[in-house]
Structure formats: C-alpha cells, structure tokens
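Chain by chain, the residues:
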Amino acid sequence: MTGDDRAQERLRWRSRRGLLEMDLILQRFMARHLAALEGDDLIVYDRLLDLPDNDFLDLAMGRSEPEDPAWRPLLQKIRES
Amino acid sequence: MALPKQTFDAVIVGGGGSGLRAALQLSEAGHHVAVFSKVFPTRSHTVAAQGGIGASLGNMQEDHWLWHMYDTIKGSDYLGDQDAIEFMCRKAAEVVYELEHFGMPFDRNADGTIYQRPFGGHSQNFGERPVQRACAAADRTGHAMLHTLYQRNVRARCQFFVEWMALDLIRDHEGAVVGLIALEMETGQVVIFQTKSVILATGGAGRIFQSSTNAFINTGDGLGIAARAGIPLEDMEFWQFHPTGVAGAGVLITEGVRGEGGILLNAQGERFMERYAPTMKDLASRDVVSRAMDQEIKEGRGVGHEKDHVLLKLDHLGAEVIQKRLPGIREIALKFANVDPIREPIPVVPTCHYQMGGIPTNYYGQVVVPRGDNPAEPVPGLYAIGECACVSVHGANRLGTNSLLDLLVFGKSAGDHLSQWLKGNPQQRDLPKDAADRTLARLDRLNQATTGENVAEVGLDMRRAVQQHAGVFRTGQLLSEGIDKIRVIAERARHTAIQDKSQVFNTARIEALELENLVIVAEATLVSAEARTESRGAQARDDFKERDDRNWLKHSLWSMEGSRLHYKPVNLQPLTVESFEPKVRVY
Ligand SMILES: Cc1cc2nc3c(=O)[nH]c(=O)nc-3n(C[C@H](O)[C@H](O)[C@H](O)COP(=O)(O)OP(=O)(O)OC[C@H]3O[C@@H](n4cnc5c(N)ncnc54)[C@H](O)[C@@H]3O)c2cc1C
C-alpha cells in the first residue's frame, strides 16, 4: 500500500458523519472520485471534512457557497454525487 | 503479550451528548478522565437532533414536572420505570438551565426566557390539552448542544481519544470492570486502559435495520461490548419507527407532507390508508400508518423490484404548493430518491428511528444485572448512559424530545455518582493476566483470514432480515423465521475476511468489527420480540394485538450466552408521588 492509499483511507474514515444525509452523499462521492483524488484535492476534501456536519450539508445541497473559491471544483463533484 | 497500557480514573466510551455531559461532571470534579470516540465528538449522531429538549419550564403555558412524568409514563405504554421517570422529569429544568448557563444558544421569547415548541404527546394536566415543552436552538439543537458541551470539556481539561475504537471491557474475577481495550485507527495499535470505571455512552444501534434514520456510525458497539462481557440487554424488542423514510436511504420526510395533503399509495395505486383508518386516513398516528404500510408490503402490494416500499404522492398538490410550502422535501426527494415530487411520487418505507432498549441501568447510570434474588445488582465500576442504556425512562415507546433530556439528566447523574464512588475506591484493581486474550484472538482471526465472508454482503443480509422479520408488523412466525436467518448470518459474521491488512486507517477492519456488534443486537431484538406475545408501545404483534399486563408488565433481559431470556419487574413505584397505574392508552 502506498502513502496516498493510506491518505485516502484516512479520508474514507473521516467521511463517516453524524448526519445520515452526509454519509449518503459522501458515500456516493467516494465511490466515484476517491481513488482518483490527489494533491490539492486531497487537502480540500480534508478541509471540507473538518466542517461541522450542518455547514457541510448546506454546502453540499447548494444552500450556501464556500468562502474559499478554490473549494468550488471539488464541491461541485460532491454536489453532483 | 505486552500491550501498551495507560491508566485513568474513568474511561468514557462515546463523545455524544451523554458522554460529554458525564465527562464534564467528572472533569470538573478533578478526576482523570478519558473520552473515546470513533469520530470527532461534535460529529457524533446527537448532531442530527432538531426537535428539542423536553422540560416543564412553563415559559409558554403553565406546566409541571408531574404532567411531564405522566406523559412519559403513558408514552412508554407503562413499561417505563417510574422511579427513573420521576427523577428525569424533576431534574429537567435544572439540566436545561445549566446548559443555558454553559452558553447553549436556545431560541428565546421576547421577555428573554427560553422559547418552547409544541410537540406530539406533551400535555397539560394529565392529557387535558397540549402544552409547549420543547426547548430548541433553531433546527440545530443537537449540534448546539454538542458544541457547547465539547468546549466546556476542553476547558475542564478532559482528555479526548479521537478516532479510537473501543473493543472490549476487562472484568476481574469478582466481575468488577477494571479496564477497556481500544484500537487507535491511525496506527492500528491496540492499547489497554486500566481504569477504576468505564461509562458506556455509544449511542443507538439503528443500523441493524435496512431502513434507518441513523447515521452509519450507529452500530451498537456498546451493546456488543456489554453482551460479550456477560451483561444482559434489556427490552431490545422495542424500536421506534417513523412511517416515511425515503426508501433505500432512510432520510426522513416529515409528517407535515401528509398534513399538506400528501397521500400513500400501494402497487395497485390504491390509497390504502382509507381501509386501515377510514376517518383519519393518511393523517392517522405514526404507529397506525407505519403498521399499515408494512402490512401492505408484507402482503405483496409493495412497489419496486423487491416490492419493498410504498409511494407518497404529492403531485396533485401542484408545483406551486410544493415549491412554496415543502421546499425542503422536494430537495430531499431530488437528492435521495432521485424523483421530483412535482411529477412523481416519493418511494417511502417505515424507518427505524430510535432504540428504546439497551444496557440495563438504574437512575445513577450504574449497570445493573440480576444476581440471586436481586433483579438489579450494580456491576462494580460499570455505567451506561444515553441511547445505549435502558434506565428505563422510555419503556416501550419514547416520547419525542425525551432522549436529549435523558442524555443530560443521566449523563450528569452518572458523573456525580461515579465521582462519589471514586472517592471511596481510590485504588486501581489488578488486571487479570489474560485480560486481552479474547480480543486479540478476534483481531488475529481477521488479520489471518485470507478467504471468507464479505463484510458488506453479510451486513446487507442482516439489515434486510431485520427489516423483514422484526419491522413494524410482527407475527410469531415471521419472528421465528427471522431468528433462524439471523443465526446463520451471525455465524457468517464470525467468518468474515478483509483484503486490506494495513494497520493504518483500515476502515474495512473497523466495519468488520462493527458488524460483529450489529449481529448481536439483531439477535437480541428478534429473540426478545418473538418471546413477547403481546402488543405494547412500539412492538405490534399481529397475532397478539392487545397489551397483556398480567403476563407482560415486565422487562426482557437477553443474555448472549445461549441467547437466553429472563425477565425483571417494571418499577411502578415513583420516588415521592403516587404510582401511575397502567391504563388503556388513547390519544
Ligand atoms: C434524525 C434524528 C433526530 C432526532 N431528534 C431528536 C430530538 O429532537 N430530540 C430528542 O430528544 N432526541 C432526538 N433524537 C434522538 C437523539 O438524537 C439520540 O438518541 C441521542 O443524540 C443519542 O446520544 P448519545 O449520547 O447516546 O449517543 P451519540 O450522540 O450517538 O454518540 C455516540 C458516541 O459514541 C461513540 N462510539 C460509538 N461506538 C464507539 C466505539 N466502539 N469506540 C469509541 N467510541 C464509540 C461515537 O463516536 C459517538 O461519539 C433524534 C434522532 C435522530 C436520528
């Protein structure tokens, strides 16, 4: 197993959330995109995972926009999942 | 086998509302406390709670703890222990004001007092008229509660072990709890925590059902840990269902949708509620609607490939009404059911919401087990609180908003009791030599196995079996078939194999360990439900439609060893007031 694999596995665990809605959205997102995440995207995803569940849900449902525009591309993938 | 070892006064497994409340009480009293959590504490499932915390503050209309007590006992269908219920309802105002003092951003009235919402089942003067009793922080009550308590714990220098999974208790030859074995996810390291006491606060196990409102993390680890340590599980047949969860997802569709005119249809397009509740139809009470839906599915009139759900139709309300009055629902349907309710019906199914049973405790949070003539003897050094515990204040059916209250009252009570107990028991007890053997054997097996059952498949089979055989609509035959199925599934769960053998953040391994806990809870549920030949609260037996107080006014206790059942009496004697005698429950 490579270092990146373990970084992804760490993110996989941290995608376990307190809100079922987020579990479902992130499960779909990971199935499609996790294996291909690298570099900055890994860092952005990690930051998103640091958010409180309710704030993350608002972003994921498109009810709010991220402060940092650099988050947009990854967030878009989450929204489409 | 030399495992690393650390020492504490108290170890709390769980950083949700109940664990954090207990931790605060102990840390502020100066004890050396560790809190374990699989996820960052403020991402515990308590974050999902929106409705509020029940307390008879009387800020809106006159209210009294005795009325709250009556509502709780009636709600429990008389299976709740009246000493614990009195204790909880009397303490409610105190714990809510404490939380306010800690900085909880409650909604307010113009005069500055805490605003209280109406909620089903809350009444004035013993059922006379509704009363507003729920204290909330917008729609983020659980979130606000977790953040408030977490900050306060950090201030009190409580020590957190985040992304650790507790695996097993250590008991000595006298049965006292003397330690905990836990696994650090980041390193895969297994560590022994020698401690004078353990508080289990691991939350519910709603993930045993295929359709569940619970987040993935609610796998009943505390129940598995207790059962493996020889502690029986109480009243596991009682699970609260919500009639309309999105099929295949579990996300809740509020009752409000049917209030606005949404109707339920079966595979034949029939509005079946007209048959079950000719007057109230789709607006009948939760349990009536859930049972009707489940019966339609069981009798083959379900919708979809598996005929496993029914439809909630809204399109006749018109796009404008839906967009204006039910925007959140449309959003949920689009996201989680992939349908636009303006055009298509939403697939829905009765969905597991809350676990009434759990690890048996008294109102100090002490875990109690039968011993000789005593049905409830405390296990030295062991406590349980929150949804994983059965005090029992919820009996056969929980009153809305009483769960968050339960976390606060019994979290605090357990912290206080344990703090006193620690003063009289200052020594660490010795760890038995073989303390970690059985746990390490479980982990070794998983590490060695190269072929075996797939964790996800066994998990799916388990959830399907529980949904099908221990859902809302239950019969003896369904349940006993379910027991046979679950025993086969439990055996498969003992023979899982995972491909990833890494020590670092091995989610596959965690899920295999969680599955072992889930199947224990599933078996306890089916066996307890099959034996209880009556309908009470959340348990609806089609072959025994009535409540049977003569034979069944008692708590079930399921032991893992031999999957045996025994019973203990319900405590009908409150602390200071007169007993509420069982009556027929009508609303
Ligand atoms: C959608 C929804 C809405 C709700 N709304 C309300 C409401 O409005 N009012 C109300 O009163 N109730 C409500 N409830 C019920 C209530 O939220 C829960 O019963 C309550 O939050 C459970 O709290 P807890 O402290 O017992 O456990 P949780 O908050 O579930 O926390 C469990 C903790 O244990 C940890 N843990 C578990 N296993 C392990 C392990 N093996 N090792 C280490 N740590 C572990 C977890 O990481 C977590 O920190 C709602 C429930 C749901 C699902």
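Everything below is about the structure shown above.
The rules behind the values
Residues numbered from 1 in each chain as written. Chains lettered and ligands numbered in written order. Predicted model: local features only at pLDDT ≥ 70, side-chain atom pairs only at ≥ 80, totals over all residues. Core = buried A, V, L, I, M, F, W, Y, C linked by C-beta atoms within 7 Å. Buried ≥ 20, exposed ≤ 12 C-beta atoms within 10 Å, placed from the backbone. Helix = DSSP H or I, 4+ residues; strand = E, 2+ residues; numbered from the N terminus. Contact = placed C-beta atoms within 7 Å. Nonpolar A, V, L, I, M, F, W, Y, C, P; charged D, E, K, R; others polar. Arc of directions from axis to C-beta. Pairing = 2+ DSSP bridges. Axes fitted to C-alpha atoms, helices over the stretch in contact; angles between N-to-C directions. Parallel < 35°, antiparallel > 145°, perpendicular 65-115°, else oblique.

A. Spatial organisation of the nonpolar core. Residue and element names in this part refer to chain B. With 192 residues, the main nonpolar core has Ile12, Ile199 and Ile359 as its most contacted residues. No other element matches the 13 residues that helix 15 (residues 507-531) contributes to this core. If near-sequence neighbours (up to four positions away) are discounted, Ile12 is found in contact with Gly19, Ala22, Ala23, Val33, Ala34, Val35, Phe36, Ile199 and Ala201.

B. Expanded view of the interface of chain B and chain A. Each partner contributes residues to the interface: chain B has 26 residues there, and chain A has 18 residues. Among the elements that make up the side of chain B that touches chain A, the one with the highest residue count is helix 10 (residues 327-337) of chain B (three residues). Split into classes, the residues belonging to the side of chain B that touches chain A amount to 12 nonpolar, 10 polar and four charged.

C. Summary view of helix 5 (residues 72-80) of chain A. All names here are of chain A. Residues of helix 5 that are buried: Leu74, Leu75 and Ile78. Seen end-on, helix 5 carries its buried residues on one side only, within an arc spanning 100°. Across helix 5 from its buried face, at more than 90 degrees, point the exposed residues Pro73, Gln76 and Glu80. Contacts made by the buried residues of helix 5 are with helix 2 (20-33), helix 3 (40-50) and helix 4 (53-60).

D. Seen up close, the sheet that holds strand 12 (residues 233-234) of chain B. All names here are of chain B. Pairing in this open sheet of three strands is antiparallel, and the strands run 12-23-24 from one edge to the other. Because the sheet does not close on itself, it has two edges, and the strands there are strand 12 and strand 24 (564-569). Sheet analysis places strand 12 next to strand 23 (residues 554-559), joined by two bridges and oriented antiparallel. For Glu234, the partnering residue across the bridge sits in strand 23 and is Leu557. Strand contacts of helix 15: strand 12, strand 23 and strand 24, with the helix running at about 140° to strand 23, the strand carrying the most contacts.

E. Region of the structure containing the sheet that holds strand 3 (residues 53-54) of chain B. Sheet architecture is open: three strands sit in the order 3-7-4 (chain B), paired in antiparallel fashion. Edge positions in the open sheet fall to strand 3 and strand 4 (116-117) of chain B, since each of these has one partner strand only.

F. Inspection of the environment of His555(B) at higher detail. All names here are of chain B. Here His555 lies in strand 23. According to the C-beta neighbour criterion, His555 is buried, with 25 such atoms within 10 Å. In the structure, His555 is positioned 261 residues away from Asp294 in sequence and 26 Å away in space, judged by C-alpha atoms. Here His555 is in contact with Glu234, Asp235, Ser392, Tyr567, Lys568 and Val570, once residues within four sequence places are set aside.

G. Region of the structure containing the packing of helix 3 (residues 82-102) of chain B against helix 11 (residues 402-424) of chain B. All names here are of chain B. Running from amino to carboxyl end, helix 3 crosses helix 11 at an angle of 90°, the nearest separation of the two axes being 9 Å. Considering their axes alone, helix 3 and helix 11 lie roughly perpendicular with respect to each other. Side by side, helix 3 and helix 11 meet where Met88, Lys91, Ala92, Val95 and Leu99 of the first sit next to Leu405, Asp406, Leu408, Val409 and Lys412 of the second. The residue inventory of the contact of helix 3 with helix 11, partitioned by class, reads seven nonpolar, no polar and three charged.

In short, shape yes, function no, at least from these values alone.
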